[in-house]
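Here's the letter readout for the chains.
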Amino acid sequence: MDWPISEVARMSGVTARTLRHYDEIGLLPPARIGAGGLRYYEERQLLRLQQILVLRELGVGLPEIGRILADQVDEAEALRGHHRRLIAERDRLDALAGSVSRTISALERSGKDGAQVIEINRPENLFEGVRPSQYAETLRDFPEHAEEVTRRVAVMTRQDVETGQRERTAWMVRLAERMAEGLPADAEPVQAEVDAQYRALSGLRTVSAGEYAAFGRSCVENAQWRAAYESIAPGLAVYQRDAIEAYAAALPQ
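Note that this is a predicted model, so its numbers are computed, not measured.

Draft legend 1. Main features of the overall build of the chain. Along the backbone of the chain there are 12 helices and three strands. Here the chain has roughly 14600 Å² of accessible surface; of this, 53% comes from carbon and sulfur atoms.

Below you can see the structure in the form of C-alpha cells.
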C-alpha cells in the first residue's frame, strides 16, 4: 500500500513542499513517482519520516539527521535511541517547569498584602533544566562573548555545567542579600561581588569597561536575564545594572 504526497502531508502535518525538499536533499526519497511527477510513499518511508520529525523536535539539523539515518541499520534500535532522547528532553522540561513553578510561588508570596520587605528566593540552582546552548541565545547582543561561551561549553561535562549554574545562582542570591540589607549599588561589599563577576567574565575573554557596562544594562533590557534576576528578588535586575555601571565607571577606559 502506498500514499500520495498530499495524504502523507495530511497525516504527518508536514507540508508537501517540505516533503519535496526532503526528497531533493536525499533525506526522504519517495517509494515511487507516478504520472505527472506525483510522489508516493510506502510504510518504510513513513517510518523514516517519523524518525526525521522526532530528531527535528530534538533540535537536530537536517545535515546531522541525514548522517544519523545513513549510519543506522536496525530501525527498532534507532527508534529506541530516539525514545531515550525524548525521555531525557521530557525530564529536562519537567525540571525547568518545576524551577519556574517555585519562582512563581516565591513571587506571589513576596507580593502578598503589599509587603515592602524584600523576600529572597534562594533556589539551589535557578537554571536547572536550562541547556547550555541556550546561554548563547541570551548573549545575542554580545556575539564575541557568546562564541567563546559556546566554545567553552562544548568541552564541559554535565557536572561542570551544573556546578557553574549553582555558582551563578549563589552569586545572584548574595547580591540580593546586599540589596535587602539596604546597601547602595556602589557600596564596597556590593562592588566586591561585582568584581568577582567581572573577573569571571574576563577569564573567558578580555571585557572592556564599556562592554561590561553594556552587560549591566542587559540585566534590565534583556527579558530573559531580567526574569532570572527578578525571580530571586524584585528590583534585583536594576540593582545589578546600577552596581555594574558604578564598577565599570572606575575601570580604565
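Now, onward.
Draft legend 2. Region of interest: helix 1 (residues 5-12). Among the residues of helix 1, Ile 5, Val 8 and Ala 9 are the ones counted as buried. An end-on view of helix 1 places all buried positions within 100° of arc, on one side of the element. Those residues of helix 1 that are exposed and angled more than 90 degrees off the buried face are Ser 6 and Arg 10. Turning to helix 1, the residues buried within the fold contact strand 1 (3-4), helix 2 (16-24), strand 3 (39-41) and helix 3 (43-57). Within two residues after helix 1, Gly 13 carries a phi angle of roughly 80°, on the positive side.

Draft legend 3. Looking closely at the pattern of salt bridges. Overall, the coordinates contain 10 salt bridges when judged by the stated rule. Close ionic contact of Glu 64 with Arg 67 constitutes a salt bridge, the shortest N to O distance being 2.8 Å. On the criterion of helical spacing, the pair formed by Glu 64 and Arg 67 is a turn pair, its members being three residues apart in helix 4 (residues 62-71). We note a salt bridge from Arg 178 to Glu 193, for which the minimum N-O separation is 4.0 Å. One end of the pair, Arg 178, is in helix 8 (residues 158-180); the other, Glu 193, is in helix 9 (residues 188-202), with 15 residues separating them in the sequence.

Draft legend 4. Summary view of the sheet that holds strand 2 (residues 32-33). Here we have three strands laid out as an open sheet, ordered 1-3-2, and antiparallel in their pairing. Only two strands of the sheet have a single neighbouring strand rather than two, namely strand 1 and strand 2. In this structure, strand 1 lies alongside strand 3, joined through two bridges in antiparallel fashion. Residue pairing in the sheet places Trp 3 in a bridge with Tyr 41 of strand 3.

Draft legend 5. Expanded view of the side chain of Asp 23. By secondary structure assignment, the location of Asp 23 is in helix 2. Those residues in contact with Asp 23 that sit more than four places away from it in its chain are Leu 28, Pro 29, Pro 30 and Arg 39.

Draft legend 6. How the structure looks around the packing of aromatic side chains. Taken as a whole and judged by the stated rule, the model has three aromatic pairs. For the ring pair Tyr 198 and Tyr 212, a centre distance of 4.9 Å and an interplane angle of 55° mean the geometry is tilted. With a gap of 14 residues between them, Tyr 198 in helix 9 and Tyr 212 in helix 10 (residues 209-221) connect regions that are remote in the sequence. Comparing Tyr 198 with Tyr 212, the two get one shared label, buried. With a centroid separation of 5.4 Å and 50° between ring planes, the pair formed by Tyr 198 and Tyr 247 is classed as tilted. Here Tyr 198 is found in helix 9, whereas its partner Tyr 247 is found in helix 12 (residues 236-249), with 49 residues between them in sequence.

Draft legend 7. Representation of the nonpolar core in the model. Membership of the largest hydrophobic core comes to 31 residues, with the highest contact counts inside it found for Tyr 212, Tyr 229, Ile 232, Leu 236 and Tyr 239. Among the secondary structure elements, those contributing two or more residues to this core are helix 8, helix 9, helix 10, helix 11 (223-232) and helix 12. If sequence neighbours within four positions are ignored, Tyr 239 has contacts with Leu 175, Arg 178, Met 179, Leu 183, Pro 184, Ala 185 and Val 190. Counting 19 residues, the second largest nonpolar core, distinct from the first, contains Leu 27, Leu 58, Val 60 and Ile 65.

Calculation notes
- Numbering of residues begins from 1 in every chain and follows the order in which that chain's sequence is written.
- Owing to the predicted nature of the model, reporting of local features is limited to residues with pLDDT of at least 70; listing and counting of side-chain atom pairs is limited to 80 or more, with chain, interface and lining totals taken over all residues.
- Only hydrogens and water are set aside when side-chain values are computed; all heavy atoms of the structure are taken into account.
- For helices the rule is a DSSP run of H or I covering at least 4 residues; for strands it is a run of E covering at least 2, with both sets numbered from the N terminus onward.
- In these tables, accessible area is a Shrake-Rupley quantity obtained with a 1.4 Å probe, and a residue counts as shielded only by the protein chains included in the view.
- Buried means the residue's accessible area, taken with a 1.4 Å probe over protein chains only, is under 20% of the maximum for its type, while exposed means over 50%, and partly exposed covers the values in between.
- In this context, the arc is that of the directions from the helix axis out to the C-beta atoms.
- Any two residues having at least one pair of non-hydrogen atoms within 4.5 Å are treated as being in contact.
- Here a salt bridge means any side-chain nitrogen of Lys or Arg lying within 4 Å of a carboxyl oxygen belonging to Asp or Glu.
- Pairing between two strands requires that DSSP report at least two bridges joining them.
- Centre distance within 6.5 Å is the pairing criterion for rings of Phe, Tyr and Trp, where only the six-membered ring of Trp is used; planes under 30 degrees apart are then read as stacked, over 60 as edge-to-face, and the remainder as tilted.
- In this description, a nonpolar core means a group of buried Ala, Val, Leu, Ile, Met, Phe, Trp, Tyr and Cys residues linked to one another through side-chain atoms lying within 4.5 Å.

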